[in-house]
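Now for the letters of each chain:
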Amino acid sequence: MSHQATCRKAQVASRRWLALSIQMALLGMPCALHAQATDSSAASTRTQTPGKSKASSTTVGQSASSKVVNLNTIVVSAQKREQQVLDVPAAITALSGDFLKQYGITSMDDLGRYVPGVQVQVQSPNTPSLSIRGVTIDDTAANTPSRVSVFQDGVDISSQSGSIVALYDMADVEVLRGPQGTLFGRAAESGAFALNSNRPNDTTSGGFTAQAGNYGSYLFTGYFNAPISSSVDTRVAVYDNSHDGYIANTEGGRLDGADTKAIRASLHIKLDGNSFYDIIASYERDAPPGTDFRSALPNVYGSTNIYGEASLYGGNELGVRRKITGLTGLGSFVINDDWTLSSTTGLRRYDSDENFNASGTQAPVLQFGNSQGEHQLSQELRMNYDSGGRFTGFFGVDFFYENGHQTVPFTTNESSLLTAITPLVKQLAQSLDGGKYLGLVDDVFGNPSLLTANYQPNLSQTKFPVLGIPLNPDESEGYTNRGSSRSYEFFADGTFHVTDQFDLTAGLRATHEQIWAGYEVYNATGKNAAVIGPAFAELGELLGVGPLGLDGVTAPNDIFAPTHGLLTNATSTNSVVGRLIGSYHINDDTNTYVSVSRGRRPEDLTFNVNAAPALGYTKTILPAEILMNYEAGIKGSADQGKFAYDVSAYYYRYTNFQSQVYQNAQYITVNSGRATAPGIETSLQEAFTPNFNVFLNAAYEHARYGSPAAGTPAEDDFDGDHLRLAPDVTAAVGMNWSIPLNNDYLGYVRPSYTWRSKTWFEDGGATETFTQGAYGLLNLRIGVTFDRNRWDVGLFANNLSNKKYLIDAGNTGAQFDLPTYIPGPPRTYGVSISGHF
């Protein structure tokens, strides 16, 4: 659109009043309408991404002593070509590498607090939850499709258990809200994260950051960049982050800790003309201690404080071991002045193994594992067209293949398990024949306590009541799910500049996908054989009331209904998603747009294993979840670029909304009918002086279930209820104040405050038990730079007020009447030093 900029300049003076009016109006908005932060205070070092348009790839950096500060100059690649944020007709937050460093953002859960409409919750690296505009994906099964796409250097890494990676040596992070299937593929139903690392360049340079703090925390990240020859540049970056864990476990070790090591090596190969090829190899290893799933039952000291010491059976054996390896190839080949061919190749593999205590107690009740693995291959070829005229666009093809598995072993001491499920047995008895057997169950099972009077595990019950069968202290069973998908896609997207001010953008992506899923329960046998499940079956026959148990007959197991072999399901689908956008540039500084887009989550292959053997199982292909998004927005700048704003309003309308419920001793995906999520997202950023700027960031969303699908059981009818991890209001505010001390020293103060309204942790939101009330977190970074900004020494504190809050509640234990709660990190603090040359 460079040819249109000249035409627009003649109109700037006559319309300047409009931008200034918007500035004043937005500054007067109530604090509920805060803003996303977009920092562009330093130049991007990322090499031009394949397929970018011929717009400038240079960003002018602004030092603290600059006479003019421009907040709206960061260059993004959200639409597969380089553009200023102002020119992208979509809701996008672009955080530069400098912004991430200034506010200490090195993880995706930190990132989520600064982006409007986004929630990132990480129970462990193996089990994250990603939410954009109120819609969450946190099912880690290998055969479950995603809703939110994560791209690392152009490659899809959206598989749930492999999508959380360390953020180090980053050029920028771009978060696009709303369906992005046209640009980012099938997994981007509700939005996408694009994580872009710094690429090699032809300078010899390097840098590092080191931190040390309480809880034995340690962080080191650094890079070294150098040319190997006139045509080859290289860059190596490393990351090492660990802390001991915020919570002491009386049974051994600590909980909620961190231990991540990563390395990334890149080559930039210059070819003829402006063509190039980048090769990026990466490796990450995560080995944190266990997650603090905290029961409301007393610990070994009798304390029920869920923020105090924990007593989790398993001790040092709890934790995660995860490895991720990746190899990426990014090519840009100039064909002529108008056409460029880009290629993106990705190879990726991850393997993880986790042990966790789902009961949150010192009793060996619910000990689970989560072992996962996946490998994937992807290849995209894209032809990009830009002649400098009125049309700019691209088209291409994409192939994606993934194959994964998840194994979930379960072990228990049946003495503890039987005690724990007694309340559920009484509920079952009450429902049989008007409760006529409730008295008998009371007489047989009594009212046992999971813990003894001195808060130790109660293992006194060694035989199954009435039948007298010895209980197994080491029962073991489990299940495995498998999934693979193979997709072939054609996509096209283009922008036609109808007039000097009005642009029309349209795009579509057609997908043919082959999906396969498998599910198998491995039974408790031999020395690990189950007693409780078969005993309930026998007891039911003696009483003449049919199936008894946690969810009917699970024999020969305690909790998982047997599959009697591998169950499989498969389908082949064709689909189309797309977008249509009209954008109107009021002037060089102000852009408005309206859009409609369609997102799609692929069909879900489910298995509902009936507990009663005679009923067998049912396998279902749930219809694809469809999202229609209607959106309007305005973004721009004023006061010579010192003030930047972005406001978007949207309406999400889902059909065939997929949610998870617990049935027949397993989580299954069901069609919950409709859901809606209208909302508004805003951003404001103001550089009051070259040394003082602030940002405001906020979103309001009303994410609720709608009318259920036909035949939905009453207990799964969530009509009008909240969606999981979807607070109505999120906000963040921050300040960056640079204080000249003398000609060489510059002090800085960078406070930030993030806030969330009440959050529901379970789909349906019917129970107040599993919620977190509104809360805010205050962070602060202060320090000094010197030697022409080459050195930075500072202090940092996160959660400065030591606010106590939860990041999740309910969890697996809630299905056994043992809900658990996961506390958020307490106050952390330390010292940091950075240097570069």
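From a predicted model like this one, the values you see are computed outputs, not experimental measurements.

Q: Help me understand the sheet that holds strand 6 (residues 135–137), please; the structure alone is not making it clear to me.
A: Either a parallel or an antiparallel arrangement is found when strands of a sheet pair, and the pairing is made through backbone hydrogen bonds. The strand order 4-5-6 describes an open sheet built from 3 strands, whose pairing is antiparallel. Of all strands in the sheet, those with a lone pairing partner are strand 4 (118–122) and strand 6, marking the two edges. With strand direction ignored, the average angle separating the axes of adjacent strands in the sheet is 15 degrees. As paired elements, strand 4 and strand 5 (residues 128–132) share 5 bridges and run antiparallel to each other. Within strand 5, the residue paired with valine 118 across the bridge is isoleucine 132.

Q: Could you clarify how one ought to interpret unusual backbone geometry in this entry?
A: The bulk of non-glycine residues show a negative phi, and the bulk of peptide bonds are trans. Notably, arginine 133 is not glycine yet its phi reads approximately 55 degrees, a positive angle. Looking at the secondary structure, you find arginine 133 in the loop between strand 5 and strand 6. Take arginine 133: its relative accessible area is 0%, and that puts it in the buried class. Notably, arginine 788 is not glycine yet its phi reads approximately 55 degrees, a positive angle. Looking at the element boundaries, arginine 788 is found in the loop between strand 40 (775–786) and strand 41 (791–798).

Q: Whenever I open this one, the pairing of strand 19 (residues 319–334) confuses me. Can you help?
A: Residues in a regular strand project their side chains so that they alternate between the two faces of the sheet. The pairing of strand 17 (residues 276–286) with strand 19 spans 11 bridges and is classified as antiparallel. Bridge pairing links aspartate 286 to arginine 322 in strand 19. Bridging between strand 19 and strand 20 (residues 339–357) involves 16 bridges; their strand directions are antiparallel. Pairing of leucine 327 across the sheet is with leucine 347, part of strand 20. The turn joining strand 19 and strand 20, which pair antiparallel and follow one another in sequence, is formed by 4 residues.

Q: How do you make sense of the packing of aromatic side chains when you look at a structure like this?
A: In this description, a pair of aromatic rings is defined by centroid distance and the angle of the planes. In total, this model carries 34 aromatic pairs according to the counting rule given. Taken together, a centroid distance of 5.1 Å and an interplanar angle of 70 degrees make the contact between phenylalanine 151 and phenylalanine 184 edge-to-face. In this pair, phenylalanine 151 sits in strand 7 (residues 148–152) while phenylalanine 184 sits in helix 4 (residues 181–184), placing the two residues 33 residues apart along the sequence. Exposure class is identical for phenylalanine 151 and phenylalanine 184. Each is buried. Linked through ring pairs, Phe293, Phe356, Phe368, Phe410, Tyr479, Tyr519 and Phe560 together constitute an aromatic cluster. In this structure, arginine 133 is placed above the aromatic ring of tyrosine 650, and the distance from its NZ or CZ to the ring centre is 3.9 Å. The side chain of arginine 264 reaches across the aromatic face of tyrosine 168, ending 4.3 Å from its centre.

The rules behind each value
Residues numbered from 1 in each chain as written. Predicted model: local features only at pLDDT ≥ 70, side-chain atom pairs only at ≥ 80, totals over all residues. Heavy atoms only, no water. Pairing = 2+ DSSP bridges. Helix = DSSP H or I, 4+ residues; strand = E, 2+ residues; numbered from the N terminus. Axes fitted to C-alpha atoms, helices over the stretch in contact; angles between N-to-C directions. Buried < 20%, exposed > 50% of the residue type's maximum accessible area, 1.4 Å probe, protein only. Phe/Tyr/Trp six-rings, centres within 6.5 Å; stacked < 30°, edge-to-face > 60°. Lys NZ or Arg CZ within 6 Å of the ring centre and 35° of its normal.

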